[in-house]
Amino acid sequence: MELLRRRISKRQRIEYLLSSFREASNRNKTKRQAILFDYRENDKGNRERGNEKGSSLAMAKEQLQVLNALDVAKTQWYHFTAIIIAGMGFFTDAYDLFCISLVTKLLGRIYYHVDGAAKPGTLPPNVSAAVNGVAFCGTLAGQLFFGWLGDKMGRKKVYGMTLMLMVICSIASGLSFGHDPKGVMATLCFFRFWLGFGIGGDYPLSATIMSEYANKKTRGAFIAAVFAMQGFGILAGGIFAIIISSSFGARFDAPAYEVDPVGSTVPQADFVWRIIVMVGALPAALTYYWRMKMPETARYTALVAKNMKQAASDMSKVLNMEIEAEQKVEAVQDKQANVFGLFSKEFLSRHGLHLLGTTTTWFLLDIAFYSQNLFQKDIFSAIGWIPPAKTMNAIDEVFRIARAQTLIALCSTVPGYWFTVAFIDKIGRFAIQMMGFFFMTVFMFALAIPYDHWTHKENRIGFVVMYSLTFFFANFGPNATTFVVPAEIFPARFRSTCHGISAASGKLGAMVGAFGFLYLAQNKDKSKTDAGYPPGIGVKNSLIVLGVVNFLGMLFTLLVPESKGRSLEEISGENDDEGAEMEQSSAHNRTVPV
């Protein structure tokens, strides 16, 4: 019995211990559940409160994934279509801006002939400055206005306006009425101003549209290819002028001015300049329909118009693939990085130096580039590459000037543009721009310092080669990169406006070059200046000034960030919530401290 009681007692003790263990286990489980519940509640509160910013940023980045389809898209037919559609506008721009330099000598002969003069008639200084420069005034105004309008109304809505304005005003310029010099010049300048106004709008809109359509791997090449059509426009202007002048010259033979001053300019010569000017309307008119068929860029629709569904729909058609639209857009709308205004303190802190860099480099580049391009005929005449005007008739002079411009375009201008297209996404925008300014500076000084050496007949070919190299490195350099970079580094809602401001600064430089070089390049000896011009500093000193301008361009290039290989949203900081990431990224990717 005693043994039985011990066994029962032992069993009870075991059961008691097991019972106690279960109770302790249950209490611990309840405690663990309570702790876990508290943790989950706290974690939920943290996500709702402390991590609200991170959640918003994550949502925003998910929202921007709809644009990744464009960033990672392989090169497709629509890329080339966009290049052609946008590029034909630039083809027309270049043709219209530079064809006037082919016919200004002819205009002087036709409308400003002076009986008994030893030299053919030339445009008076104020008229020449107006004819050559009024289009730049219009272009500057158009870049500012249409750049701003492109961010307000959308790229597509404004794109057709600029092209139609170019078509109408190209034709109207050639139809400038009357035979009275004042009447013809006044109407020509009027219509060329509005032609420039339309051309100005094409700069920010074409660059912005191409940058927002392109993928990030080859974006620089695509934008540069649009701009490279400018080279073909200059080339086409020269070729067409050669064809027209050859045709009229063969049909209407005339003696040189020194043989028969009046007979050297046949009445039919008036049609030559009008036809050359009007033909610029054709390429623009041919692409008008296709511009109207292009959808609005997905980045404008998504980031500015806040319509993700439409952006996805448009990209689905463009890329020929199904893209689902995200539903929530509040994160993109409310992000701190997307609410500051143009020229606010926030904008100036993030993009102020960038805008200063793009405006100053474009300004300095165009002083040199346009003074060279518009007045290369004067330089060629000064070194004897084009014969003295009195030894030719009016139409033959057009032929000689066009042939010189065509040779320069074919050998240096066009190749320079396409070298940029080939290498811009390999070596970067900064390197190309710095290299271009450097070699332009070197070749300008190489032309200027031993200028007397180049004027000797046996050295003229060397002069032309050196002069061509300055054009080559202008185009395989800052002339292309100053167009590309402003379309990449600013936020979508300011992109067109900031590109327009940068481009307008460039056209201000073009006006300085166009108007200033007319006077600066005049001979120091008053007896050797063109009719109506005061003495200048001469071609040699003018080239030295242009060399200094190019050197300053190198210095201001240090303010321009590198944008190679990154998405537009990453470059501009539109994926950042408070801007810290932008500042860190900008500092990290900037080529030099600023």
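Everything below is about the structure printed above this text.
Residues numbered from 1 in each chain as written. Predicted model: local features only at pLDDT ≥ 70, side-chain atom pairs only at ≥ 80, totals over all residues. Heavy atoms only, no water.

Trainee: What is the right way to read the side chain of T92 from this model?
Mentor: Mapping T92 onto the fold places it in helix 4 (residues 77-111). There is a polar contact of 2.9 Å between the side chain of T92 and the backbone oxygen of M88. Residue contacts for T92: discarding those within four places in its chain leaves M166, G280, P283 and A284. (Helix = DSSP H or I, 4+ residues; strand = E, 2+ residues; numbered from the N terminus. Polar contact = N/O pair within 3.5 Å; in protein donor to acceptor, adjacent residues only side chain to side chain. Contact = heavy atoms within 4.5 Å.)

Trainee: Would you mind going over the state of the cysteines with me for this structure?
Mentor: One covalent bond between the sulfur atoms of two cysteine residues makes up a disulfide. A complete count under the given rule lists 0 disulfides for this structure. Unpaired in this structure, C137 has its nearest cysteine sulfur neighbour in C189, at a distance of 9.8 Å. Residue class for C189 comes out buried when judged on its relative accessible area of 14%. (Disulfide = S-S within 2.5 Å. Buried < 20%, exposed > 50% of the residue type's maximum accessible area, 1.4 Å probe, protein only.)

Trainee: I would appreciate a short explanation of the environment of S468 in the present structure.
Mentor: Residue placement: S468 occurs in helix 20 (residues 460-475). Residues S468 and I408, spaced 60 residues apart in sequence, show a C-alpha to C-alpha distance of 6.0 Å. Contact partners of S468, with chain neighbours within four places excluded, come to I408 and S412.

Trainee: Sorry, what's going on with the packing of helix 8 (residues 219-251) against helix 17 (residues 394-427) here?
Mentor: Axis angle and axis distance: for two packed helices, these are the angle between their axes and the distance between the axes, and together they describe the pair. In the contact formed by helix 8 and helix 17, the axes pass within 8 Å of each other and the chain directions differ by 165°. Considered as vectors, helix 8 and helix 17 are oriented roughly antiparallel to each other. Here helix 8 and helix 17 pass one another in a crossing that is left-handed. Partitioning the contact of helix 8 with helix 17 into residue classes produces 23 nonpolar, 11 polar and 3 charged. (Axes fitted to C-alpha atoms, helices over the stretch in contact; angles between N-to-C directions. Parallel < 35°, antiparallel > 145°, perpendicular 65-115°, else oblique. Left-handed = near helix turned anticlockwise from the far one by under 90°. Nonpolar A, V, L, I, M, F, W, Y, C, P; charged D, E, K, R; others polar.)

Trainee: Can you walk me through helix 9 (residues 269-278) in this structure?
Mentor: What sets the pattern is the α-helix's 3.6 residues per turn: residues three or four places apart point alike. Judged by how many residues are buried, helix 9 sits mostly within the fold: 7 of 10 residues are covered. For helix 9, the complete set of buried residues consists of A269, D270, V272, W273, R274, I276 and V277. Check the buried side of helix 9 and you find it contacts helix 4, helix 6 (155-174), helix 7 (181-213), helix 8 and helix 17.

Trainee: Please explain unusual backbone geometry as it appears in this structure.
Mentor: Most of the time, phi is negative for any residue but glycine, and the peptide bond is trans. In this structure, K306 is a non-glycine residue whose phi angle is positive, near 60°. For K306, the position within the fold is in the loop between helix 12 (298-304) and helix 13 (308-319).

Trainee: Whenever I open this one, the pattern of salt bridges confuses me. Can you help?
Mentor: Opposite charge on two side chains allows them to pair when their charged atoms are near. Taken as a whole and judged by the stated rule, the model has 13 salt bridges. One salt bridge connects E397 with R109, and the closest N-O pair in it is separated by 2.7 Å. Here E397, found in helix 17, pairs with R109, found in helix 4; they are 288 residues apart in sequence, far enough to count as distant. R109 matches E397 in its accessibility class, with the two residues each being buried. With a closest N to O distance of 3.7 Å, D366 and K507 form a salt bridge. Of the two residues, D366 is situated in helix 15 (residues 345-374) and K507 in helix 22 (residues 492-520); the sequence distance between them amounts to 141 residues. Each member of the pair D366 and K507 is classed as buried. (Salt bridge = Lys/Arg side-chain N within 4 Å of Asp/Glu carboxyl O.)

Trainee: Would you explain the packing of aromatic side chains in this entry?
Mentor: Aromatic ring pairs are reported here in terms of the distance separating the ring centres and the angle at which the planes meet. Using the criterion set out here, one finds 30 aromatic pairs in the structure. When the centroid spacing of 5.9 Å and the interplanar angle of 25° are considered together, the rings of F145 and F197 count as stacked. Taken together, the residues F145 in helix 5 (residues 125-153) and F197 in helix 7 connect sequence positions 52 residues apart. Accessibility expressed as a relative area gives 14% for F197, which makes it buried. A ring pair is formed by F146 and F197, whose centres lie 5.2 Å apart and whose planes are at 55°; its orientation type is tilted. (Phe/Tyr/Trp six-rings, centres within 6.5 Å; stacked < 30°, edge-to-face > 60°.)

Shape descriptors only; they carry no functional weight alone.
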